[in-house]
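In case you want the letters, here they are:
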Amino acid sequence: MSDAVLVEGLCKSFGTTKAVRDVSLSVRSGELFGFIGPDGAGKTTLFRILATLMLPDTGRAQVLGLDVVKELWALRPRLGYMPGRFSLYPDLSVEENLRFFAAVFGTSLDEEYEQIEPIYVQLEQFKERRAGALSGGMKQKLALCCALVHRPDILLLDEPTTGVDAVSRREFWELLAKFKESGLTIVVSTPYMDEATRCDRIALMQSGRILAIDTPHAVTESFDRPLLAVRADQRYESLLALREYPHTHTVYPFGEMLHYTDARATLPVETIGAEVVAFLESRGLTGVSAARILATIEDSFMAYLGTPEEAPAA
Amino acid sequence: MNALRGLLQKEWRHIMRDRRTLAVIILMPVVQVILFGFAIRTDVRDIRLVVVDPTPDHVTLEIRHRLEATDAFHTVAVLPNSEKLDGLFQRGQAEEAVVFEPQFASRLERGLPARVDVIADATEPNTGSTRQNYAMAVIRQYQQEQGEPAPGVQISAQLRTRFDPTAESSHLFVPGLMAFVLTIISALMTAISLTREKETGTMEALLVSPLRPWQIIIGKVLPYLAIGFVSVVLVIIEARIVFEVPLRGSVVLLLLEGLLYILVSLSLGMLISSRTSSQRVAMMGAMIGTMLPTMLLSGFIFPIESMPTVLQGVSNVIPAKWFVTIARSIMLKGIGLSYLWQETLILCGMAAALLVLSTRSFHTRLE
Amino acid sequence: MNGTIAIQAQELTRIFGSFTAVNRITLDVHGGEIFGFLGANGAGKTTAMRMFTGLLAPSSGTARVAGHDVYTKSEAIKRSIGYMSQKFSLYEDLTIRENIRLYGGVYGLRAQEIRSRSEEMLSRLGMEASADLQVRSLPLGWRQKLSFSVALLHRPQIVFLDEPTGGVDPITRRQFWEMIYQTAAAGTTVLVTTHYMDEAEYCDRISIMVAGKIGAMGTPAELKQHYAADSMDEVFVRLVRPTNGEAA
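Residues numbered from 1 in each chain as written. Chains lettered and ligands numbered in written order. Predicted model: local features only at pLDDT ≥ 70, side-chain atom pairs only at ≥ 80, totals over all residues. Heavy atoms only, no water.

Turning our attention to the sheet that holds strand β12 (residues 248-254) of chain A. The strands that make up a sheet are held in pairs by hydrogen bonds between backbone atoms, and each pair lies either parallel or antiparallel. All names here are of chain A. Strand order in the open sheet made by the four strands is β12-β13-β11-β14, with antiparallel pairing throughout. Looking at the sheet topology across the chains shown, the edges are occupied by β12 and β14 (289-293). Across the sheet, the axes of successive neighbouring strands diverge by a mean angle of 30°, strand direction being ignored. Bridge count for strand β11 (residues 227-231) against strand β13 (residues 257-262) is three bridges, and the pairing is antiparallel. Pairing of alanine 229 across the sheet is with histidine 259, part of β13. Sheet strands in contact with helix α9 (residues 269-282) are β11, β13 and β14, and its direction is about 25° off that of β11. The sheet strands contacting helix α10 (residues 297-305) are β11, β12 and β13, and the helix crosses β12 at an angle near 135°. (Pairing = 2+ DSSP bridges. Helix = DSSP H or I, 4+ residues; strand = E, 2+ residues; numbered from the N terminus. Axes fitted to C-alpha atoms, helices over the stretch in contact; angles between N-to-C directions. Contact = heavy atoms within 4.5 Å.)

What follows is the structure, given as structure tokens:
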């Protein structure tokens, strides 16, 4: 199996901001690959380089075996790209947008109808409506159609589910799974950590750097310490208390719980849990409990991040 | 008061820290003063003088010598009679003429009145009379020095308008106005269209397609050409009906030339917007890049012949100048393509050059 | 929570032409509470916030913020509240110190107070060394923390945070929320809007707006139980689905 995407030592800066720092990775053909990371991680810049829309400062990248800098005209017809923000024509209707993009790629809507049918059936009842008047979820589906209508060999989707309601997000990923079955390579970026589990492999990205690349399962497995979910009625006080607790390695709020890891690597987790509960109760907190949990992608991401940077000095 | 002081400090800092805008605000008036100042010279200097002296003698030569000696005049021709005078005025080669009566000195010696006509081009009425006064002052000075008894030298001053059978100022003005208006609209249309795509993000999707820059550019210019054509038609109708400007030449030719001119302006708009992604910047660029030069240097308000040579040269680069000439020639003088082919060719060349330049500088990537 | 009512709204409504952006909402925010104001884009959150912050007059209904009537005392409201939004926080081409001084002046603090609070804020944030940098050279996470602190400079009773944590990594987000906790523990009421559903769980109580109305309100635990959901995300889905089907 050849690589659908091959990136070596890619760097890109805008003025003093380093958007992409020495990124190297490969994506296999037919894979559903996810870039997970918050805004400013460099995902959009990376995607734009892969889509031949920007030049890297150093390093090289190949998509479908073609160099993104030198062979862009050969590559563009084979790419399906969905930019980070809505880039279709709001004053044209759903159907007009689709026909336009089909024409621009040298094909027609009628020829490719079968290809995009799974998505288009959901849109068809709105085909006369102006694209600007669609809901967020519908817009993304339309954009996906336009990216697929010319039968690309690879899909690059930059944050396709951002700003979309939870229902539509779910439906979008179900559509992606369907297209993956036909052998299409799909590269997606998302800030939603929970979407990571739907990918074959993921790359965690922050501040232009890749923190880790592996299957979602392996990423969570790599969490090197036992993780405890600690609960108390007085949430903020418990957080403050644990920050003063001498054995704390990390403690962060996660919804109603606190996710806690201990500095002592060898102690059994039950002991750790019991000691934490005792400590918090000694501080007068009530409703205290501690239970071992499996690390999520977010926990792993934060473990890879370590401590955030200091404020810059004048 | 603290709050107010804080606000003042803040605004001051914003202004000081935005170097680019500051430069524009300070330099623009400076540049404009220079441009306007030179274009609108009402100075009485370097007036192109034609002398008509049928029988040169010591008096006429003396007067001619004095006129020449001032900074104000610059003799471009000396003629034996007034035959060619009209032509010189018409072509803008002469701005003022001093016409001596034959046998000038001998008439004075015999105590007869000797007439000298001072004729000035009155396209700008104020300038015209100033020029006349200057010439008349020199002549009177001579008279006084001679201590001539009456009747002596008789000066007769005339103002003449430039050759135009209809002699209506709007007829000269309106074709120029047409050029002015068409320029701005066209450049604005394409400037906005391209940058709007960049700003809304739709450009990103277009760029990743197999479309080539020339396709994108032509794809934008052609529809606006059609709309521009409608503008041309409407503007010509307006000129005819509202201002009663004659249309002595071929309507078809005028329409085609108008279309060509719109093409030039659209291409200019494309070039301006290929270099920026902001609609606002593109709009300002289009307006400043077209409005000011067209107003000052196309000959629509201020005659080009009155400008310093440098500016005259610059005006050749302004597309509007050529169209103003073409429009005036077709409408007022009824001239056909056989005489206008040079100007037409120049406009064609400009359109081609601008389109090629736009295509070249069109970024096929996002930056 | 200190037993007072910081914000009170009764049948509050705002209409723009023929469009009802906020449709008769009724809610109470308790003093010292962290109240999460959730809802999809276009559901009416921003309009409601604008009415609470004295920027927009309601069409009908009543509301009191920090004890002041929103119709008649909008200036008093503005003086009693702090505001921070994602779109605009501080002036990028001014330094940190200059920004603090500016806002201090705007809120009518005396020069001495501004100086002392400014030093205290900078040391608490660990930003003394950055104080003379222009804000534009700060990374986003630091800007957010600074913005929040500046919104609290004049020690308001209530602080409104509009999508304050967009675009930063998960750790920085949580650090920001610790600042929120600290602020609430000190007695300030915090009204925060966010589209991160997990952040909803950090709040004491939340309300979810749907098409101009309040679709649900309560503590996160109550809502999860009511909708038989494991997470706030689920709650949102269950709440929104019945009204939408597949919305277009």
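On we go from here.
Next up on the list: the interface of chain C and chain A. Interface extent is often summarised as the accessible area lost during association of the parts. Contact with chain C, which involves 36 residues of that partner, is made by 38 residues of chain A. Across the chain C/chain A interface, buried area totals approximately 3100 Å², and carbon plus sulfur atoms make up 60% of it. Remark: the boundary between chain C and chain A carries five salt bridges. Here C:Arg174 makes a salt bridge to A:Glu298, at a shortest N to O gap of 3.3 Å. Along the contact surface separating chain C from chain A lie eight residue pairs in polar contact (both at pLDDT 80 or more). Contributions of two or more residues to the side of chain C that touches chain A are made by α6 (170-185), α8 (220-226) and α9 (232-244) of chain C. A class-by-class count of the residues in the side of chain C that touches chain A yields 17 nonpolar, seven polar and twelve charged. (Buried area = accessible area lost by both parts, 1.4 Å probe. Salt bridge = Lys/Arg side-chain N within 4 Å of Asp/Glu carboxyl O. Polar contact = N/O pair within 3.5 Å; in protein donor to acceptor, adjacent residues only side chain to side chain. Nonpolar A, V, L, I, M, F, W, Y, C, P; charged D, E, K, R; others polar.)

Another point: the pairing of strand β3 (residues 34-39) of chain C. Residues and elements named next belong to chain C. Of all six residues that make up β3, six are buried, and the element is covered over most of its length. Covered by surrounding structure in β3 are Ile34, Gly36 and Leu38 together with Phe35, Phe37 and Gly39, the residues of both alternating faces. The pairing of β3 with strand β8 (residues 189-193) spans four bridges and is classified as parallel. Considered in β8, the bridge of phenylalanine 37 is made with threonine 193. Sheet analysis places β3 next to strand β9 (residues 205-210), joined by five bridges and oriented parallel. Paired with phenylalanine 35 across the bridge in β9 is arginine 205. (Buried < 20%, exposed > 50% of the residue type's maximum accessible area, 1.4 Å probe, protein only.)

All names here are of chain C. Looking at the element boundaries, glycine 31 is found in the loop between β2 (19-30) and β3. On the basis of relative accessibility, which here comes to 1%, the residue glycine 31 falls in the buried class. Distance from glycine 31 to alanine 184, taken between C-alpha atoms, is 8.9 Å for residues 153 residues apart in sequence.

Attention now moves to the interface of chain C and chain B. With 13 residues of chain C at the interface, the matching set in chain B holds eight residues. Between the two partners, chain C and chain B, sit two salt bridges. Joining chain C to chain B, the criterion identifies three residue pairs in polar contact (both at pLDDT 80 or more). It is helix α3 (residues 96-106) of chain C that contributes the most residues to the side of chain C that touches chain B, five residues altogether. Of the residues assigned to the side of chain C that touches chain B, the class counts are six nonpolar, three polar and four charged.

Now for the pattern of salt bridges. By the definition in use, this model includes 41 salt bridges over all chains. The partner of A:Arg28 in a salt bridge is A:Glu31, and the shortest N-O contact between them spans 3.8 Å. Overall, A:Glu31 belongs to the buried group, its relative accessible area being 5%. The partner of B:Glu197 in a salt bridge is B:Lys220, and the shortest N-O contact between them spans 2.9 Å. In this pair, B:Glu197 sits in helix α7 (residues 169-200) while B:Lys220 sits in helix α9 (residues 213-241), placing the two residues 23 residues apart along the sequence.

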